[in-house]
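Listed here are the chains, written in short residue letters.
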Amino acid sequence: MEQVDERILERLAERDRDAWELAIDLDGAVSAGRVRERLHVLADVEFVEPYERQITEDRSEKYWSISTWGTLYLAGEVDPNLDIPTPSPRPSYATRPGEWAGF
C-alpha cells in the first residue's frame with residue numbers, strides 16, 4: 001500500500017467520489033490519472049467498489065465507495081501485506097483412483 005492509498009480511503013470514508021474529485025481533495029498533489037490507477041489497485045484487493053452514477057440522461061460517471069474491507073483497514077483491523085495461503089494438494093486418501101474418473 002502506498003501513502004496515497006490511505007488518503008484515498010480516508011476521503012472515501014467521508015463520502016463517495018469520482019477520481020477527479022479525489023485528486024482535487026488531495027490538494028492537487030496527485031493527478032486524476034494516478035488516483036484512477038490507485039483506485040483500480042484498491043478495487044483489486046476489494047478495498048473500494050466502483051459504481052456508475054447517472055449524471056444526465058445520456059451521461060454517467062464512475063464513482064467509488066469504500067468497502068467493508070477498506071473500512072476495516074482504516075480501523076487497523078486488516079493487514080494488506082498478509083499473503084493468502086494457497087491450497088495444498090489433496091491427500092492421496094481423498095483422491096479417487098484413475099479408473100473412477102474413466103482414464
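Located above this text is the structure these notes cover.
Residues numbered from 1 in each chain as written. Predicted model: local features only at pLDDT ≥ 70, side-chain atom pairs only at ≥ 80, totals over all residues. Heavy atoms only, no water.

J.: Break down the overall build of the chain for me, citing the residues and quoting the values.
T.: Of the regular secondary structure elements, the chain holds 4 helices and 2 strands. Listing every helix and strand of the chain by position from the N terminus yields α-α-α-β-β-α. Every one of the 103 residues in the chain was classed for burial, and the buried ones make up 28%. Considering only intrachain contacts with a sequence separation of at least 6, the fraction spanning at least 24 residues in the chain is 43%. In the form shown here, the chain has an accessible surface area of approximately 7,500 Å², with 50% of it arising from carbon and sulfur atoms. (Helix = DSSP H or I, 4+ residues; strand = E, 2+ residues; numbered from the N terminus. Buried < 20%, exposed > 50% of the residue type's maximum accessible area, 1.4 Å probe, protein only. Contact = heavy atoms within 4.5 Å. Areas by Shrake-Rupley, 256 points an atom, 1.4 Å probe, with all protein chains shown as cover.)

J.: Talk me through the pattern of salt bridges; I want residue IDs and the actual numbers.
T.: What the rule picks out here adds up to 8 salt bridges. Its salt-bridge partner being arginine 34, residue glutamate 37 comes within 2.5 Å of it at the nearest N-O pair. Residue glutamate 37 and its partner arginine 34 are located together in helix H3 (residues 32–44), separated by 3 residues, close to a single helical turn. By relative accessible area, which is 42% here, glutamate 37 ends up partly exposed. With a relative accessible area of 28%, arginine 34 lands in the partly exposed category. Note that arginine 59 and glutamate 61 form a salt bridge whose closest N and O atoms lie 2.2 Å from each other. The network of salt bridges with shared partners includes Glu2, Asp5, Arg34, Glu37 and Arg38. (Salt bridge = Lys/Arg side-chain N within 4 Å of Asp/Glu carboxyl O.)

J.: Can you tell me about the pairing of strand S2 (residues 59–66), naming the residues and giving the values?
T.: Note that strand S1 (residues 48–56) and S2 share 8 bridges and pair antiparallel. In the sheet register, glutamate 52 faces S2, and the bridge partner there is lysine 62. As consecutive antiparallel partners, S1 and S2 are separated by 2 residues. (Pairing = 2+ DSSP bridges.)

J.: Explain H3 residue by residue, including any values.
T.: The first and last C-alpha atoms of H3 sit 18 Å apart over 13 residues, in line with the 18 Å expected at 1.5 Å per residue. Every buried residue belonging to H3 is among Val35, Arg38, Leu39 and Leu42, and all of these are buried. The buried residues of H3 occupy an angular sector of 110° when projected down its axis, which confines them to one face. (Expected span 1.5 Å × (residues − 1). Arc of directions from axis to C-beta.)

J.: Which residues make up the packing of aromatic side chains, and what values do they have?
T.: Across all of its chains, the model carries 2 aromatic pairs by this definition. Seen from their ring centres, tyrosine 51 and tyrosine 63 are 6.3 Å apart, and the 35° between their planes marks the pair as tilted. In this pair, tyrosine 51 sits in strand S1 while tyrosine 63 sits in strand S2, placing the two residues 12 residues apart along the sequence. The ring centre of tyrosine 63 lies 4.1 Å from the NZ or CZ of arginine 53, which sits over that ring. (Phe/Tyr/Trp six-rings, centres within 6.5 Å; stacked < 30°, edge-to-face > 60°. Lys NZ or Arg CZ within 6 Å of the ring centre and 35° of its normal.)

J.: Can you lay out the nonpolar core for me, pointing to particular residues and giving the numbers?
T.: Counting residues in hydrophobic clusters, the biggest one holds 18 residues, and the most contacted among them are Ile8, Leu9, Leu12, Val35, Leu39 and Val48. Secondary-structure elements contributing two or more residues to this core are helix H1 (3–14), helix H2 (19–25), H3 and S2. Broken down by element, this core gets its largest block of residues, 4 residues, from H1. When residues no more than four places from it in sequence are discounted, the contact partners of valine 35 are Ile8, Ala19, Leu22, Ala23, Leu26 and Val30. (Core = buried A, V, L, I, M, F, W, Y, C linked by side-chain atoms within 4.5 Å.)

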